[in-house]
Amino acid sequence: MTLKKSLGQNFLSSEIYAEKIVGLSNVEKNDTILEIGAGAGTLTVALAKTGATVFAIEIDNRMEPILKERLEKYDNVKIIFEDFLEMDISFLPNGYKCISNIPYYITAPILKKLLFTNFSMLTIMMQKEVGERLLEKPGSSNRGFLTVVLQTVADVEKLLLVPKSAFVPNPDVDSIVLKITKKKEFPFSNLSEFESYWTFVSNSFSQKRKTISNNLKSMGMAKEEIENLLKNLNIKTNARPEELSTEEFLSLWRMVYGKEN
């Protein structure tokens, strides 16, 4: 089978690493697991062995005979051939877990879709460089908008590094597995609020080398309004977006959002 670069198809082939990922995720038999990108099923089989209910999503119908053969003896796995970004996942119960080796080129859209759902924990394998950015603290030049949004709603920790050799075909980059646990105090009451915050933080990083003042200005805010806003929140006008904490971004958004609505 010729794998499609357009789908980011680098399949986890190491059963050892699949078992490690499942073990570190503390999967229990009564859990419901979402897997995005089942591929050839190596991680799916490791998940199936736990006895948990597994919904394995795969966009490529060509994988159907392989997955059906590998998972034939597991009646706790349902394989769904759909585009995850287009599908309705409201059937997942409150507190579900997502354990996935996601297509790296759509990391941000996948996280955006997952973060406002009723998950309890996400164990996500992604490109090492991207994952390390998501762990960065305020002040780091590697901190980006996705780091801020993710850390606003969840606690993030590194579980495991996975080498290129654990995949077929071998990718150009190493991988990292992050554990993302939803915070008990979720700051958004509805999806539109979350999307508004996502857009606000993204726009705040639109010109990362510029100050937060200049980025707010590019959103159409007046200079005096920006100065008063930052002064009220005790944020320096020459601060760069990566220097702000998640609490400061949340406070900024609440004040701007409140004025707009």
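Residues numbered from 1 in each chain as written. Predicted model: local features only at pLDDT ≥ 70, side-chain atom pairs only at ≥ 80, totals over all residues. Heavy atoms only, no water.

Visitor: Which parts of the structure should I look at to understand the domain arrangement of the chain?
Guide: Many structure descriptions define interface size as the accessible area lost when the parts assemble. Assigned domains of the chain: these are domain 1 (5-182) and domain 2 (191-258). Computed over C-alpha atoms only, the centres of domain 1 and domain 2 are separated by 31 Å. Listed as interface residues are 18 residues of domain 1 and, on the opposing side, 16 residues of domain 2. Summed over both sides, the interface of domain 1 with domain 2 buries roughly 1,500 Å², with 76% coming from carbon and sulfur. Looking at the side of domain 1 facing domain 2, the largest losses of area belong to Lys112, Phe116 and Phe145, adding up to 38% of the total buried there. At the surface where domain 1 touches domain 2, the tally comes to zero salt bridges. Taken together, the links from domain 1 to domain 2 amount to two residue pairs in polar contact (both at pLDDT 80 or more). Contributions of two or more residues to the side of domain 1 that touches domain 2 are made by α4 (107-115) and α6 (145-153). A per-element tally of the side of domain 1 that touches domain 2 places α6 first, with seven residues. Classifying every residue of the side of domain 1 that touches domain 2 gives nine nonpolar, seven polar and two charged. (Domains from an automatic or database assignment. Contact = heavy atoms within 4.5 Å. Buried area = accessible area lost by both parts, 1.4 Å probe. Salt bridge = Lys/Arg side-chain N within 4 Å of Asp/Glu carboxyl O. Polar contact = N/O pair within 3.5 Å; in protein donor to acceptor, adjacent residues only side chain to side chain. Helix = DSSP H or I, 4+ residues; strand = E, 2+ residues; numbered from the N terminus. Nonpolar A, V, L, I, M, F, W, Y, C, P; charged D, E, K, R; others polar.)

Visitor: Would you mind showing me how to read the UniProt feature "binding site: S-adenosyl-L-methionine" (unreviewed entry) in the chain here?
Guide: Those residues carrying the UniProt feature "binding site: S-adenosyl-L-methionine" (unreviewed entry) are Asn10, Leu12, Gly37, Glu58, Asp83 and Asn101 in this numbering. Residue classification places Asn10 among the partly exposed positions, given a relative accessible area of 27%. Looking at the element boundaries, Glu58 is found in the loop between β3 (53-57) and α3 (64-70). Reaching out from Glu58, the side chain makes a polar contact with the backbone nitrogen of Gly39 at a distance of 2.7 Å. (UniProt positions renumbered as here; feature names shortened; annotations may be inferred. Buried < 20%, exposed > 50% of the residue type's maximum accessible area, 1.4 Å probe, protein only.)

Visitor: Any chance you could explain the environment of Lys137 here in plain terms?
Guide: Relative to the helices and strands, Lys137 resides in the loop between α5 (128-134) and α6. As for Lys137 and Lys78, which are separated by 59 residues in sequence, their C-alpha atoms are 39 Å apart.

Visitor: Quick question: what am I supposed to make of the pairing of strand β6 (residues 119-127) here?
Guide: Working note: regular strand, side chains alternate between the two faces of the sheet. Along β6, seven of the nine residues are buried, which leaves the element largely enclosed by surrounding structure. In this sheet, β6 lies alongside strand β5 (residues 96-101) in parallel orientation, the contact comprising six bridges. Residue pairing across strands places Ser100 opposite Ile124, the latter belonging to β6. Running through α4, the crossover from β5 to the neighbouring parallel element β6 is right-handed. As defined by bridge partners, β6 adjoins strand β9 (residues 175-182) across seven bridges and the pair is classed as antiparallel. Opposite Gln127, over in β9, you have Ser175 as the bridge partner. (Pairing = 2+ DSSP bridges. Right-handed = clockwise from strand over helix to strand, strands pointing away.)

Visitor: Is there a simple way to think about the sheet that holds β3 in this case?
Guide: An order of β4-β3-β2-β5-β6-β9-β7 is seen for the seven strands of this open sheet, with the pairing classed as mixed. Of all the strands in the sheet, the pair left with one neighbour each is β4 (77-80) and β7 (154-162). Within this sheet the neighbouring strands show an average axis-to-axis angle of 20°, counted without direction. Along the sheet, α4 makes contact with β2 (32-36), β5, β6 and β9, crossing β6 at roughly 180°. Across the sheet, α6 lies against β7 and β9, angled at about 115° from β7, the strand it touches most. (Axes fitted to C-alpha atoms, helices over the stretch in contact; angles between N-to-C directions.)

Visitor: Help me out: how do you make sense of the packing of aromatic side chains in this one?
Guide: What characterises a pair of aromatic rings is the spacing of the ring centres plus the angle enclosed by the ring planes. Evaluated as defined, the whole model comprises twelve aromatic pairs. Relative to Phe194, the ring of Phe116 lies with its centre 5.9 Å away and its plane at 25°, an arrangement referred to as stacked. With Phe116 in the loop between α4 and β6 and Phe194 in helix α7 (residues 191-204), the pair connects residues that are 78 residues apart, well separated along the chain. A ring pair is formed by Phe188 and Phe194, whose centres lie 5.8 Å apart and whose planes are at 70°; its orientation type is edge-to-face. Owing to a relative accessible area of 5%, Phe188 belongs among the buried residues under this scheme. Exposure remark for Phe194: the relative accessible area of 1% places this residue in the buried category. Connected via pairs of aromatic rings, a cluster forms that spans Phe116, Phe145, Phe186, Phe188, Phe194, Tyr197, Trp198, Trp253 and Tyr257. A cation over a ring is seen here: Lys113 above Phe84, with NZ or CZ 4.9 Å from the ring centre. (Phe/Tyr/Trp six-rings, centres within 6.5 Å; stacked < 30°, edge-to-face > 60°. Lys NZ or Arg CZ within 6 Å of the ring centre and 35° of its normal.)

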